[in-house]
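Spelled out from the first residue to the last, the chains are:
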Amino acid sequence: MQVGMVGLGRMGANMARRLIRGGHEIVGYASDPAGVKAIASEGATGTTALDDFVLALRPPRVAWVMVPAGAATEQVVTDLAKRMAPGDTIVDGGNSFYKDDVRRMKMLRAKQIHYVDVGTSGGVWGLERGYCLMIGGERDVVARLEPIFKTLAPGSGSIPRTPGRETMGGTAEQGYHHCGPSGAGHFVKMIHNGIEYGLMQAYAEGLDILKNANTKALDPDLRYELNIPDITEVWRRGSVVSSWLLDLTAQALAENSTLSSYTGVVADSGEGRWTVMAAVEEGVPADVLSASLYARFRSRQDHTFAEKVLSAMRQKFGGHVEQPAG
């Protein structure tokens, strides 16, 4: 298929590359000429003007937006809507708030332009590993875009089939899933990221306890000098707490056992807050997810080894650069 990619940063450029490798025709747009030149050198059509971008796409057009959530996405969707025609589709693959998706869908529906929201997980590793895709939108439109989703997703790979799924059907085993109507994709991704906060916090706090097992406050017979990199490594092998997050943590600790390059200032990118807000609206208790969000707030004032572990994980899976204190 022909796909237009708006935004050629870390995620957008790698998604465009994966689609090119999968045989799709890519039209890339970015305001940065360097990013456009780079993707054009790999077989895409590069543009630095939105008018040229839309003109290069054949109807019915598909424009996939990969820019920061919030004002930037709002501006791009609005600008595309002015240039696109009935039957075209705008896909938001960023981390937009799901209620904004519903509003944008209604705005575009009046112009007979389709809107699909895709929660995308995979970070800087997605080019090789593939992207987990959580999709919201009209069923027939999502079905038409399936070749794109299939290429971006990781496929079943070496992960064994879950017992009982033999007759369930669907595409979830391939790494992409149509979650429901507009907003559903980003709603599921929002909760996914909220859970991610909790998992990361659990690892971080546990490793902090291990690191401080030699504190002078303990009885000398109960003090332990523990090798944290080796502990995370052994947990990777046969343990019930093994995971990709643990893999990345072990990697970071192997590179620097004290994580001295991190101060422990841990940012939150929005989805954790939105998850807690959704829990409040639904009346659902979310003690762990709420606490993990508040821990990130506290990290901007006082730093522990746990926060350094969190920063290391964020840098490893998403390329997130730690923000300076204050």
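Scroll up to find the structure.
Our subject in this report is the structure included herewith. (Residues numbered from 1 in each chain as written. Predicted model: local features only at pLDDT ≥ 70, side-chain atom pairs only at ≥ 80, totals over all residues. Heavy atoms only, no water.)

Glancing now at the pattern of salt bridges. A full pass over the atoms with the stated rule returns 18 salt bridges. The salt bridge partner of glutamate 42 is arginine 17, with a shortest N-O separation of 2.7 Å. Here glutamate 42, found in the loop between helix H2 (33–40) and strand S3 (45–47), pairs with arginine 17, found in helix H1 (residues 10–21); they are 25 residues apart in sequence, far enough to count as distant. Here glutamate 42 falls in the partly exposed class, since its relative accessible area comes to 36%. The exposure class of arginine 17 is buried, given its relative accessible area of 18%. For arginine 300, the salt bridge goes to aspartate 268, with nearest N and O atoms at 2.6 Å. Of this pair, arginine 300 sits in the loop between helix H13 (287–299) and helix H14 (305–318) while aspartate 268 is found in the loop between helix H11 (244–255) and helix H12 (271–282), placing the two residues 32 residues apart along the sequence. A relative accessible area of 29% means that arginine 300 is categorised as partly exposed. For aspartate 268, a relative accessible area of 14% puts it in the buried group. (Salt bridge = Lys/Arg side-chain N within 4 Å of Asp/Glu carboxyl O. Helix = DSSP H or I, 4+ residues; strand = E, 2+ residues; numbered from the N terminus. Buried < 20%, exposed > 50% of the residue type's maximum accessible area, 1.4 Å probe, protein only.)

For the rest of this paragraph, the subject is the packing of aromatic side chains. When we look at a pair of aromatic rings, we describe it by the centre distance and by the angle of the planes. Here the structure, examined in full by the defined rule, presents 8 aromatic pairs. Judged by centre distance (6.1 Å) and plane angle (55°), the ring pair of tyrosine 29 and phenylalanine 53 falls under tilted. One end of the pair, tyrosine 29, is in strand S2 (residues 25–29); the other, phenylalanine 53, is in helix H3 (residues 50–56), and 24 residues separate them in sequence. The exposure class assigned to tyrosine 29 is buried, which follows from its relative accessible area of 17%. Judged by relative accessible area, which is 0%, phenylalanine 53 ranks as buried. Both rings, one in tyrosine 98 and one in phenylalanine 187, keep their centres 4.8 Å apart while their planes meet at 75°; by these two values the pair is edge-to-face. Note that tyrosine 98 is positioned in helix H5 (residues 98–109) and phenylalanine 187 in helix H9 (residues 184–211), a separation of 89 residues in sequence. Given the relative accessible area of 16%, tyrosine 98 is considered buried. The partly exposed category is assigned to phenylalanine 187, whose relative accessible area is 24%. Put simply, the rings of Phe97, Tyr98, Phe187 and Trp274 touch in pairs and so form one group of aromatic residues. The side chain of arginine 129 reaches across the aromatic face of tryptophan 244, ending 4.0 Å from its centre. (Phe/Tyr/Trp six-rings, centres within 6.5 Å; stacked < 30°, edge-to-face > 60°. Lys NZ or Arg CZ within 6 Å of the ring centre and 35° of its normal.)

This part covers unusual backbone geometry. At the junction of proline 59 and proline 60, the peptide bond is cis and its omega measures out at -10° in the coordinates. Along the polypeptide, proline 60 turns up in the loop between H3 and strand S4 (62–65). Positive phi, normally seen in glycine, also occurs at leucine 259, with a value near 50°. Accessibility expressed as a relative area gives 1% for leucine 259, which makes it buried.

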